[in-house]
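Fold and contact review
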Amino acid sequence: MACAVGVASVIAAIFLSNPGNAAKEPFVNVTIEGLKETYKVGEPVDFVVKVEGYGCDTGFPSVVITKADSQMQQQQPVWSRFEIRHFPANVSCELVDLYKVRHIGDVTKYNNDEQERMRTMGSVPIILNEGKYIVAVERITPTLTKEFSVVSTG
């Protein structure tokens, strides 16, 4: 009997000392990387959105660019990108490790990768009007935002 208790204690110690075996709490970390402070009119707005964490895989979050205008009550998107995904309403979600990366302004990849075009709506962002703009990564709480400017080429 003492031997069984000793073996059980060793197994419990191994299980508890290995963090990979412990139950994880869901979390999501979203970052916008490589977004410049200033772009020229007509230049592709090039940046990377990363989603890392552990939780329910609900697809890639929406990425929306709006003009930063304090006068407007309702800001209209000047560019947006949504993944096309359909989930049945009655399906429970399995918690998984998350690591997703989207290179938003990669013109070559977008033009040469049919799967990239089919998976998403919205082409590479190219803005033709000067001003301040906001990138928002939505469907996460809170929405992640970063500001940038578009200036004249001359």
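Residues numbered from 1 in each chain as written. Predicted model: local features only at pLDDT ≥ 70, side-chain atom pairs only at ≥ 80, totals over all residues. Heavy atoms only, no water.

Looking at the overall build of the protein chain
Across its full length, the protein chain carries three helices and nine strands. Listed N to C, the secondary structure of the protein chain is α-β-β-β-β-β-β-α-α-β-β-β in terms of helices and strands. Burial statistics for the protein chain: of 154 residues in total, 27% are counted as buried. For the protein chain, long-range pairs separated by at least 24 residues make up 62% of all intrachain contacts whose partners lie at least 6 apart in sequence. (Helix = DSSP H or I, 4+ residues; strand = E, 2+ residues; numbered from the N terminus. Buried < 20%, exposed > 50% of the residue type's maximum accessible area, 1.4 Å probe, protein only. Contact = heavy atoms within 4.5 Å.)

Re the packing of aromatic side chains
Under the criterion given, the structure shown has two aromatic pairs. With a centroid separation of 5.6 Å and 80° between ring planes, the pair formed by Y39 and F148 is classed as edge-to-face. Taken together, the residues span a long stretch of sequence, with Y39 in strand β2 (residues 38–40) and F148 in strand β9 (residues 144–151) at a distance of 109 residues. Both residues of the pair, Y39 and F148, belong to the buried class. Each ring, one from Y133 and one from F148, has its centre 5.8 Å from the other, and the planes form 25°; the classification is stacked. Placement of the pair is Y133 in strand β8 (residues 131–137) and F148 in strand β9, with a sequence separation of 15 residues. Here Y133 matches F148 in class, with each residue buried. Each residue in the set Y39, Y133 and F148 is aromatic and connected to the rest through ring pairs, giving one cluster. (Phe/Tyr/Trp six-rings, centres within 6.5 Å; stacked < 30°, edge-to-face > 60°.)

Some remarks on the pairing of strand β3 (residues 48–56)
For strand β1 (residues 27–33) and β3, the ladder comprises seven bridges, and the chain directions are antiparallel. Looking across to β3, one finds that I32 is bridged to V49. Pairing geometry for β3 and strand β6 (residues 95–103), over nine bridges, is antiparallel. By the bridge assignment, Y54 is partnered in β6 with D97. (Pairing = 2+ DSSP bridges.)

Focus: the sheet that holds β3
Pairing is antiparallel in the open sheet, where three strands are placed in the order β1-β3-β6. Strand pairing shows two members of the sheet lacking a second neighbour, β1 and β6, which therefore form its edges. Taken pair by pair, the neighbouring strands of this sheet meet at an average axis angle of 5°, ignoring direction. (Axes fitted to C-alpha atoms, helices over the stretch in contact; angles between N-to-C directions.)

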